[in-house]
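# Reading the structure
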Amino acid sequence: MVKPFARKLLWTLLTPISISLVLASAVNKEMGAGLLFLFVAPVYLVTGLILVMFSVSRNETGKVLLLSSGIIQLLGGAICVFIYLRIYFHW
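In this report, the structure presented in the accompanying data block is examined. (Residues numbered from 1 in each chain as written. Predicted model: local features only at pLDDT ≥ 70, side-chain atom pairs only at ≥ 80, totals over all residues. Heavy atoms only, no water.)

Take the environment of Tyr-44 next. Mapped onto the elements, Tyr-44 comes out in helix α2 (residues 31-54). Among the residues examined, Tyr-44 registers a relative accessible area of 17% and is labelled buried. Along the sequence, Tyr-44 and Val-64 sit 20 residues apart, while their C-alpha atoms lie 9.1 Å from each other. Look past the residues within four positions of Tyr-44 in its chain and what remains in contact with it is Thr-12, Pro-16, Leu-65, Ser-68, Ser-69 and Ile-72. (Helix = DSSP H or I, 4+ residues; strand = E, 2+ residues; numbered from the N terminus. Buried < 20%, exposed > 50% of the residue type's maximum accessible area, 1.4 Å probe, protein only. Contact = heavy atoms within 4.5 Å.)

Shown next, in the form of structure tokens:
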């Protein structure tokens, strides 16, 4: 049985990751995946901060969005490094 926090975290992480994988494979460029992460991470961050700061019950959805925003930013950084190495070394 998966806890509700983990279930929400998986949904907020796997949705943009799966969409970015479809974009990367359909366009044959990683730029679509990087752009998706560029737009999704700040939205998750701002929404998570608003929910954590102004929610009366300090609900876990805000914490999930903050955590997934950080993970998506790490993933986006890794994709950017991969794009840079691919351009620099002409793979």
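Once you've had a look at it, read on.
Tracing the chain through its elements places Ser-68 in helix α3 (residues 60-89). For Ser-68, a relative accessible area of 0% corresponds to the buried category.

This part covers α3. Between its terminal C-alpha atoms α3 stretches 43 Å, which fits the 44 Å expected from 30 residues at 1.5 Å a residue. Those residues of α3 that fall on the buried side of the exposure criterion are Gly-62, Val-64, Leu-65, Ser-68, Ser-69, Ile-72, Gly-76, Ile-79 and Ile-83. (Expected span 1.5 Å × (residues − 1).)

A word on the pattern of salt bridges. On inspection of all chains with the given rule, the structure shows one salt bridge. The salt bridge partner of Lys-8 is Glu-60, with a shortest N-O separation of 3.5 Å. Of this pair, Lys-8 sits in helix α1 (residues 4-27) while Glu-60 sits in helix α3, and the two are 52 residues apart along the sequence. On the accessibility criterion, Glu-60 (28% relative accessible area) is partly exposed. (Salt bridge = Lys/Arg side-chain N within 4 Å of Asp/Glu carboxyl O.)

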